[in-house]
Amino acid sequence: MTLNEFMQLLEKQEKCPSSLPKTLQALWYDKKGDWHKAHNILNDAGDVDSAWVHAYLHRKEGDLDNARYWYRRSGKPEFTAELNQEWEQIVTNLLLKAEHL
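About the thresholds
Residues numbered from 1 in each chain as written. Predicted model: local features only at pLDDT ≥ 70, side-chain atom pairs only at ≥ 80, totals over all residues. Heavy atoms only, no water. Helix = DSSP H or I, 4+ residues; strand = E, 2+ residues; numbered from the N terminus. Polar contact = N/O pair within 3.5 Å; in protein donor to acceptor, adjacent residues only side chain to side chain. Contact = heavy atoms within 4.5 Å. Axes fitted to C-alpha atoms, helices over the stretch in contact; angles between N-to-C directions. Parallel < 35°, antiparallel > 145°, perpendicular 65-115°, else oblique. Left-handed = near helix turned anticlockwise from the far one by under 90°. Nonpolar A, V, L, I, M, F, W, Y, C, P; charged D, E, K, R; others polar. Salt bridge = Lys/Arg side-chain N within 4 Å of Asp/Glu carboxyl O. Buried < 20%, exposed > 50% of the residue type's maximum accessible area, 1.4 Å probe, protein only. Phe/Tyr/Trp six-rings, centres within 6.5 Å; stacked < 30°, edge-to-face > 60°. Lys NZ or Arg CZ within 6 Å of the ring centre and 35° of its normal.

Engineer: I would appreciate a short explanation of the side chain of D30 in the present structure.
Structural biologist: Along the chain, the position of D30 falls in helix α2 (residues 22-31). Among the polar contacts made by the side chain of D30, one reaches the side chain of K60 at a distance of 2.9 Å. Those residues in contact with D30 that lie beyond four places of it in its chain are W35, A38, Y56, L57, K60 and W87.

Printed below as a string of structure tokens:
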């Protein structure tokens, strides 16, 4: 699935497909405006991709200290450009990974 296909699906459907990885589900609900649901999806996840999404979510929330903690856990540099750019970068990266599973 491409970023454009993901965006089209997101616009057509309210509920996220359960077949998507938890990280993409979290980003789906974040884009739908449900930050809390997005955050709750990742609460028990300990992998680096989940940490990256977690960092983005806390950055969006405005909790930069917490975001920095999650960036360190993810091994990714702190993103400083627009939130929408980061969202697209993460989604694109995770879609490519999901394609190879």
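Engineer: Help me out: how do you make sense of the environment of A98 in this one?
Structural biologist: Tracing the backbone through its elements, the reader meets A98 in helix α6 (residues 83-99). Spatially, the C-alpha atom of A98 lies 7.5 Å from that of P21, the residues being 77 residues apart in sequence.

Engineer: What's the story with the packing of helix α4 (residues 48-61) against α6 in this structure? I'm lost.
Structural biologist: Where α4 meets α6, the axes come as close as 11 Å, and the angle between the chain directions of the two elements is 165°. Taken together, the axis directions place α4 and α6 in an arrangement best described as roughly antiparallel. By crossing handedness, the relation of α4 to α6 is classed as left-handed. In this structure, α4 contributes D49, W52, V53, Y56, R59 and K60 to the contact, and α6 contributes L83, E86, W87, Q89, I90, N93, L94 and K97. Taken together, the residues of the contact of α4 with α6 sort by class into seven nonpolar, two polar and five charged.

Engineer: How should the pattern of salt bridges be read in this particular structure?
Structural biologist: When charged atoms on two side chains of opposite charge get close, those side chains can pair. In total, this model carries six salt bridges according to the counting rule given. Across the salt bridge formed by R59 and E86, the nearest N and O atoms sit 2.8 Å from each other. Placement of R59 in helix α4 and of E86 in helix α6 is noted, with a sequence separation of 27 residues between them. Residues R59 and E86 agree in their burial class; the two are buried. Across the salt bridge formed by E78 and R68, the nearest N and O atoms sit 3.1 Å from each other. Linking E78 in the loop between α5 (64-74) and α6 with R68 in helix α5, this pair joins segments that are 10 residues apart in sequence. On the basis of relative accessibility, which here comes to 36%, the residue E78 falls in the partly exposed class. Each member of the salt-bridge network shares a partner with another, and the members are D65, R68 and E78.

Engineer: Before we go on, may I ask you to explain the packing of aromatic side chains in this structure?
Structural biologist: Each aromatic ring pair is summarised here by two numbers: the centre-to-centre distance and the angle between the ring planes. The full count for this structure, using the stated rule, is three aromatic pairs. When the centroid spacing of 6.0 Å and the interplanar angle of 45° are considered together, the rings of F6 and W87 count as tilted. In this pair, F6 sits in helix α1 (residues 3-12) while W87 sits in helix α6, placing the two residues 81 residues apart along the sequence. Using a relative accessible area of 1% as the deciding quantity, one classes W87 as buried. Aromatic pair Y69 and W70: ring centres 5.1 Å apart, planes at 80°, arrangement edge-to-face. Under the relative-accessibility criterion, Y69 is labelled partly exposed at 35%. W70 sits in the buried class, given a relative accessible area of 13%. Following the ring pairs from residue to residue traces out a cluster consisting of F6, W28 and W87. Over the aromatic face of W87 sits the side chain of K31, whose NZ or CZ is 4.3 Å from the ring centroid. The ring of Y29 carries K37 above its face, with NZ or CZ at 4.3 Å from the centroid.

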